[in-house]
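Chain and residue survey
One-letter residues, chain by chain:
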Amino acid sequence: MTRREPTNFLSGVIEGFYGQPWTPSERLELFDWMTRWGLNTYLYAPKDDLKHRAAWREPYSPSEAESLGQLIQACRIHQISFFYGLSPGLDIHYSNGEELDHLKRRFEQLRKLGCAHFSLFFDDIPDRLETEDIARWGSLASAQCHVANTLFRWTREQHPEARFLFCPTAYCGRMMESKLGGENYLATIGRELLEEIDVFWTGPEIVSREITVAHVQMMRAIFRRKPLIWDNLHANDYDGHRFFCGPYSGRPQELRGEVSGLLCNPNTEFPLNYVPLRTLAEFVHFRGAWDARAAYVAAMREWFPFFETVGRQITLEDLISFGDCYYLPYEEGSEGKTLLRSAQALLATHPSKWSGEATLLRAQTARLREVCARLSDLRRRPLFYALSRRLWELREEMDLLERYLAFKSQHPNQDIPGTSDFHLPGTYRGGIVAQLQRLLVQQPDGTFAPAHAGAGR
Ligand code: GDL
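Residues numbered from 1 in each chain as written. Predicted model: local features only at pLDDT ≥ 70, side-chain atom pairs only at ≥ 80, totals over all residues. Heavy atoms only, no water.

Some remarks on the overall build of the chain
Operational definition: The helix and strand labels rest on DSSP assignments: H or I over at least four residues marks a helix, E over at least two residues marks a strand, and numbering proceeds from the N terminus. Atoms considered for the radius of gyration are the C-alpha atoms alone. The globule rule reads 2.2 Å times the number of residues to the power 0.38. Relative accessible area decides the class of each residue, using a 1.4 Å probe on protein chains only: under 20% of the type maximum gives buried, over 50% gives exposed, and in between gives partly exposed.
Each helix and strand counted, the chain has 15 helices and 10 strands in total. The C-alpha radius of gyration of the chain comes to 25 Å, within 12% of the 23 Å expected for a compact globule of 457 residues. C-alpha extents for the chain along the principal axes are approximately 80 × 55 × 45 Å. The buried share among the 457 residues of the chain stands at 51%.

Re the site of the ligand
Cut-off, in case you're wondering: Near is defined per residue: the residue qualifies when any heavy atom it owns lies within 4 Å of the molecule or strand. Residues adjacent in sequence count toward polar contacts only when both atoms are side-chain atoms; beyond that, a polar contact is any pair of N or O atoms within 3.5 Å, and within protein one must be able to donate a hydrogen and the other to accept it. All accessible-area figures derive from a Shrake-Rupley calculation using a 1.4 Å probe, and residue coverage is judged against the displayed protein chains alone. Any residue that is not Ala, Val, Leu, Ile, Met, Phe, Trp, Tyr, Cys, Pro, Asp, Glu, Lys or Arg is counted as polar, Gly included; the first ten are nonpolar and the last four charged.
Surveying the vicinity of the ligand reveals 16 residues, the closest of which are Gly16, Asp123, Tyr171, Asn232 and Asp237. Residue Asp123 places a side-chain N or O atom 2.8 Å away from a nitrogen atom belonging to the ligand. Between Tyr171 and the ligand, the recorded distance is 2.5 Å, taken from a side-chain N or O atom to an oxygen atom. Relative to its unbound accessible surface of 360 Å², the ligand loses 95% to contact with the protein. By residue class, the composition of the shell around the ligand is 8 nonpolar, 4 polar and 4 charged.

Overview of the side chain of Asn273
Definition in use: In what follows, a contact means two residues having at least one pair of non-hydrogen atoms within 4.5 Å.
By the secondary structure assignment, Asn273 is in the loop between strand S8 (261–264) and helix H9 (274–285). Assessed through its relative accessible area of 0%, Asn273 is described here as buried. Beyond its immediate stretch of four places on either side in the chain, Asn273 contacts Trp22, Trp33, Pro266 and Asn267.

Some remarks on the pairing of strand S4 (residues 117–121)
The test is simple: Whether two strands pair comes down to DSSP finding at least two bridges between them. Orient the strands so they point away from the viewer, and a crossover whose first-strand-to-second-strand path over the helix runs clockwise is right-handed.
Taken across its 5 residues, S4 has 5 buried, putting it largely inside the fold. Residues of S4 alternate between two faces, with His117, Ser119 and Phe121 on one and Phe118 and Leu120 on the opposite face, all of them buried. In terms of strand pairing, strand S3 (residues 81–86) meets S4 through 4 bridges, oriented parallel. If you follow Leu86 over to S4, its bridge partner there is Leu120. Taken together, S3, helix H3 (residues 97–112) and S4 form a β-α-β motif whose crossover is right-handed. Bridge count for S4 against strand S5 (residues 164–167) is 4 bridges, and the pairing is parallel. Paired with Phe118 across the two strands is Phe164, which belongs to S5.

Overview of helix H12 (residues 334–347)
The cut-off we apply is this: Any helix carries an expected span of 1.5 Å times its number of residues minus one. The directions considered for the arc run from the helix axis to the C-beta atoms.
Under the 1.5 Å per step criterion, the end-to-end length of H12 is 20 Å for 14 residues, consistent within 8% with the ideal 20 Å. Those residues of H12 lying buried are Gly336, Leu339, Ala343 and Leu346. The buried residues of H12 occupy an angular sector of 105° when the element is viewed end-on, so they sit on one face. The inward-facing, buried residues of H12 contact helix H13 (356–375) and helix H14 (381–410).

A short note on the packing of aromatic side chains
Heads up, the rule is: Side-chain rings of Phe, Tyr and Trp, where Trp is taken by its six-membered ring, are said to pair if the distance between their centres is within 6.5 Å; with planes under 30 degrees apart they count as stacked, over 60 as edge-to-face, and otherwise as tilted. Should the NZ of a Lys or the CZ of an Arg lie within 6 Å of a ring centre and within 35 degrees of the ring normal, that charge is described as sitting over the ring.
One pass over the full model with this rule turns up 31 aromatic pairs. For the pair Phe243 and Phe322, a centre-to-centre distance of 6.3 Å together with 40° between the ring planes defines the contact as tilted. Of this pair, Phe243 sits in the loop between strand S7 (228–231) and S8 while Phe322 is found in helix H11 (residues 316–323), placing the two residues 79 residues apart along the sequence. Following the ring pairs from residue to residue traces out a cluster consisting of Phe17, Trp22, Trp33, Trp37, Phe270, Tyr274, Trp303, Phe306 and Phe307. The residue whose ring lies beneath Arg256 is Phe283, and the NZ or CZ to ring-centre distance is 5.8 Å.

Section: the confidence of the model for the chain
Low pLDDT means the predicted coordinates in that region are not meant to be read closely. Rule in force here: Confidence of the predictor at the level of single residues is given by pLDDT, which spans 0 to 100.
With 97% of its residues at a pLDDT of 70 or more, the chain shows a mean pLDDT of 95. Contacts from residues 1–6, a stretch scored under 50 in pLDDT, to residues over four places away or in other chains number 13 contacts.

Structural notes on the sheet that holds strand S6 (residues 198–201)
One key point about sheets: their strands pair by backbone hydrogen bonds, in either a parallel or an antiparallel sense. What counts here: Angles here are taken between N-to-C directions and fall from 0 to 180 degrees, while the axes themselves are lines fitted to C-alpha atoms, restricted in helices to the stretch in contact.
As summarised here, the arrangement of the 8 strands in space is S1-S2-S3-S4-S5-S6-S7-S8, forming a closed barrel in which the pairing is parallel. For this sheet, the mean angle separating the axes of adjacent strands, direction not counted, is 25°.

A look at the packing of H3 against helix H5 (residues 140–158)
Applicable threshold: Throughout, a crossing is termed right-handed when the near helix is turned clockwise from the far one, and left-handed when it is turned anticlockwise from it by less than a right angle.
Close contact between H3 and H5 brings their axes to 11 Å; oriented N to C, the two are set at 35°. Where H3 crosses over H5, the handedness of that crossing is right-handed. Where H3 abuts H5, its residues Leu100, Leu103, Lys104, Phe107, Glu108 and Arg111 lie against His146, Val147, Thr150, Leu151, Trp154, Thr155 and Gln158. The residue inventory of the contact of H3 with H5, partitioned by class, reads 6 nonpolar, 4 polar and 3 charged.

Notes on the domain arrangement of the chain
Operational definition: Each domain's extent was defined by an automatic or database domain assignment. Note on definitions: buried area is the accessible-area loss of two parts on being combined, 1.4 Å probe, summed for both. The salt bridge criterion pairs a side-chain nitrogen of Lys or Arg with a carboxyl oxygen of Asp or Glu, the two atoms within 4 Å.
When its domains are assigned, the chain resolves into domain 1 (10–290) and domain 2 (316–423). Taking only C-alpha atoms into account, the centre of domain 1 sits 39 Å from that of domain 2. Contact residues are listed per partner, giving 20 residues for domain 1 and 14 residues for domain 2. Across the domain 1 to domain 2 interface the summed buried area is about 1500 Å²; carbon plus sulfur atoms make up 60%. Linking domain 1 with domain 2 are 1 salt bridge, by the criterion used here. Across the salt bridge formed by Arg390 and Glu269, the nearest N and O atoms sit 2.9 Å from each other. Summed over the shared surface of domain 1 and domain 2, the result is 9 residue pairs in polar contact (both at pLDDT 80 or more).

Some thoughts on a nonpolar patch on the surface
Quick note on the threshold: Only residues whose relative accessible area exceeds 30% and that form no salt bridge enter a patch; like-charged residues are grouped when within 9 Å of one another, and nonpolar side chains (Val, Leu, Ile, Met, Phe, Trp, Tyr) when within 5 Å.
On the surface, Ile432, Val433, Leu436, Leu439, Leu440 and Phe448 cluster together to form a nonpolar patch covering roughly 630 Å² of accessible area. In terms of residues, the nonpolar patch owes the most to one element, helix H15 (residues 431–439), which gives 4 residues. Take Leu440: it is sitting in strand S9 (residues 440–442).

Rendered as structure tokens:
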């Protein structure tokens, strides 16, 4: 790490996912990491803290407030800016003045606990206005700007240095194209939102594989300010089978000069976020040519000591192979990719034509299965609990593949169907969700088709 970015560049973490919020001790560990790595911002906005969103008018109880106060103090000690986010959009009545009083009361409670910086969220809400709101404000964008500008002025009266962030209802390119929020929604936000307020943007998609300079410059012109990146690259709340420990990537280094900050909303399971946040921090400060894979390997090396097990230890190479199976949303890591391709190629070939590849693949699957088994004995139990569902699933698939390859290798010329006494219908890949997932098959172009071709297409 060489030079630090100017302090008005926000870099860090949004606790902004669906699912179980992090615990106070996980957040303290996060702050230690952030201070060590030079990340300066933490935004508290867990979607399923009821008082952040569903019950946004309700103040925190004394014990909840005490716990938040401790969090704010911890940030101060670590020299991290603490932001509190509130998400009133599900049911706010924009033209009712009492709603602004509710918002102020909620912010005031946090202000008394030491919070200076705030954020208002209007993501994932109905994009319709009630009749009175239409009569008063004309558009959703104007109504939201009125609320945000009023609250921003109020917070600046309390703290002249306060920063204020705004998450629009259309927060990615795809939503803009589909005109979410109404005609000219984002242009109105750009025009009417006070210029000191930062506007969140997740890139071309909610989870963007790439965010280019050209894309961000286009948004800058619309917002009339640099966008603040809300990065969902490592968020996994939308797919319970996965997590992402791949490197921060798909963003050019020049992006840093075009945005007002880079904030990452990562995996719901806190212990799985070491590599995502380590590589984000590295990216923020890096000078030279960014090599995402090298950053991944370096971060994995640092994370490796967390993987001490009871009994026989796994190696760094084992950890990298495992991490390559849970890399990034659009991309497996190189070893995961190779394993998958070899299996696809082999299973597309008649067993009578298999040669050394089957033996090699069996050895690879056996190794990965064994790594998963070893990881069950991690000494850090919270890390194991965060991983356990995925370890189990990967182990099951490796086991089945290995058994299938062994069976077919023994009977290469007989077309006997493969079976496994350990993978029986009902208990294996069972349940209504698994069955529903098999009904509509996503095609390579993204469209869906019924599994049984012809029916209802
Ligand atoms: C979203 C939500 C976010 C969620 C993420 C990934 C934003 C602004 N909002 O749309 O809370 O974690 O997707 O599922 O990104």
